[in-house]
Amino acid sequence: MSLWQWFYEYFIKPIQANEGYNIVNTLTYAVILGIMAILLYRRLKKIGIKFDERFFKALIPYIILGPLTRAMTDALIYPRTYLTVTPGIYFVIAAIALTSLYIVWRNCGSGEKFYPLYRDIGWLLVGLDVFILLLNLGKVHFVWKTLYYFVPAVIVAESFIWVLSKKFALIRENSLLFYAHFYDATSTFVGIQFMGYWEQHVLARFLIEHTGTAASMYALKFAVIFLVVYLLEQVIESEEEREMANFMKMVIFILGFAPGTRNLLRMLMGA
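This report concerns the structure included in the present document. Keep in mind that what you see is a predicted model, and the values were worked out from it rather than measured.

Counting its secondary structure elements, the protein contains 11 helices and zero strands. In terms of overall dimensions, the protein is globule-like: its C-alpha atoms have a radius of gyration of 19 Å, near the 18 Å expected for 271 residues. With 271 residues in all, the protein has 42% of them scored as buried. For the protein, the share of sequence-separated contacts (at least 6 apart) that also reach a separation of at least 24 residues comes to 71%. Across the protein, the mean location of the 24 positive side-chain charges is 4 Å away from that of the 19 negative side-chain charges.

So, in structure tokens, the structure goes:
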């Protein structure tokens, strides 16, 4: 097998045929994400960006923009290309978010004006997506039955985290991460158990196939997030390491909230 055949088999074909992820591309994307996260952290820190609550709030519209655009691709509002499906769409959204950040930083610096302006640009982009969605409502076949399953399931799931947060400090101090990933797990559970969808990720697909239920996603999510957060807390010994940990937690939050939102929007759009 030539290098091109190998690349096509593991990276191009899965996108063309909508086959989901395999072990090779999953590990590759994970390594790329890790490297990009480290480089991004160093660059943003160098220009004076603080990874605190202000930055997180300013980032929220960009976190929503990715799954909204992806769901609109599923609904055939945007053309299906390598740049509008996973993982390409998230590289595109990252590029948009970073370009917006750079433009705002160049004009305002990293002071108090930076955060609201950066946030507002993000909401403007989300608004543009919503406007295009409204213009193309004829292509969307809303499935409101999704909420019949999703709402009670997510309430039960998030209530479980809420109860645990009252008893365990590690969960309480990182509750947003657990809430985000149980939200994602719920979207997967509802999609597979009730709406006829299938799991694209390798490990999750293996677990679901061998347990016979998508509810196993809750156990997987809880175990992984608990372990990652525990390890992060163990290595923090300085303010510098605390800031790095905060940045990594933002990345972990995005990895839960964004796929969960895409799944939910896709089901609602009947895509």
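Judged by nonpolar contacts, the single largest core of 51 residues is most densely connected at F51, F55, F114 and Y118. Those residues within four positions of Y118 in sequence are excluded, and the remaining contacts are F55, A58, L59, Y62, A97, S100, L101 and V104. A75, I77, L133 and M269 belong to the second largest nonpolar core, which has 13 residues in total.

With that settled, the discussion passes to the side chain of R70. As for its position among the elements, R70 is in helix α3 (residues 53-74). The class of R70 is buried, set by a relative accessible area of 3%. Beyond its immediate chain neighbours, meaning those up to four positions away, R70 contacts R80, T84, V85, T86, I89, Y90 and R262.

Attention now moves to the layout of surface pockets. As a volume, the second largest pocket reaches approximately 330 Å³. Around the second largest pocket, the lining is made up of 14 residues, and of these F56, L176, N246, K249 and M250 lie nearest the centre. Among the elements of the structure, α3, α7 (169-173), α8 (175-193) and α11 (239-268) are those that each provide at least two residues to the lining of the second largest pocket. It is α11 that contributes the most residues to the lining of the second largest pocket, four residues altogether. Here the lining of the second largest pocket is composed, by residue class, of six nonpolar, three polar and five charged.

Quick notes on the rules
Per-chain numbering applies: the sequence of each chain, read as written, is numbered from 1 onward. With the structure being a predicted model, the display of local features is reserved for residues of pLDDT at least 70 and the display and counting of side-chain atom pairs for 80 or more, all residues being used for whole-chain, interface and lining totals. To obtain the side-chain values, all non-hydrogen atoms of the structure were included, while hydrogens and water were left out. For helices the rule is a DSSP run of H or I covering at least 4 residues; for strands it is a run of E covering at least 2, with both sets numbered from the N terminus onward. The atom set for the radius of gyration is the C-alpha atoms, and the globule formula is 2.2 Å times the number of residues raised to the power 0.38. Between buried and exposed lies partly exposed: a residue is buried under 20% and exposed over 50% of the maximum accessible area for its type, with that area taken using a 1.4 Å probe on protein chains only. Note on definitions: a residue-residue contact is assigned when non-hydrogen atoms from the two residues lie within 4.5 Å. As used throughout, the charge tally considers Lys and Arg to be positive and Asp and Glu to be negative, leaving His and the chain termini uncounted. Every charge is mapped onto a representative atom, which is NZ of Lys, CZ of Arg, CG of Asp or CD of Glu. Put simply, buried Ala, Val, Leu, Ile, Met, Phe, Trp, Tyr and Cys residues joined by side-chain atoms within 4.5 Å make one nonpolar core. Method remark: on a 1 Å grid restricted to protein atoms, a set of points is classed as a cavity if a 1.4 Å probe fits but cannot get out and as a pocket if it is open with protein on both sides within 12 Å along at least five of seven lines; lining residues have an atom within 4 Å of a point. Grid points are joined across faces, edges and corners, and a volume is the space filled by probe spheres set on the points. In the scheme used here, Gly and all other residues not listed as nonpolar or charged are polar, with Ala, Val, Leu, Ile, Met, Phe, Trp, Tyr, Cys and Pro taken as nonpolar and Asp, Glu, Lys and Arg as charged.

By themselves, these are just geometric observations and shouldn't be taken as functional.
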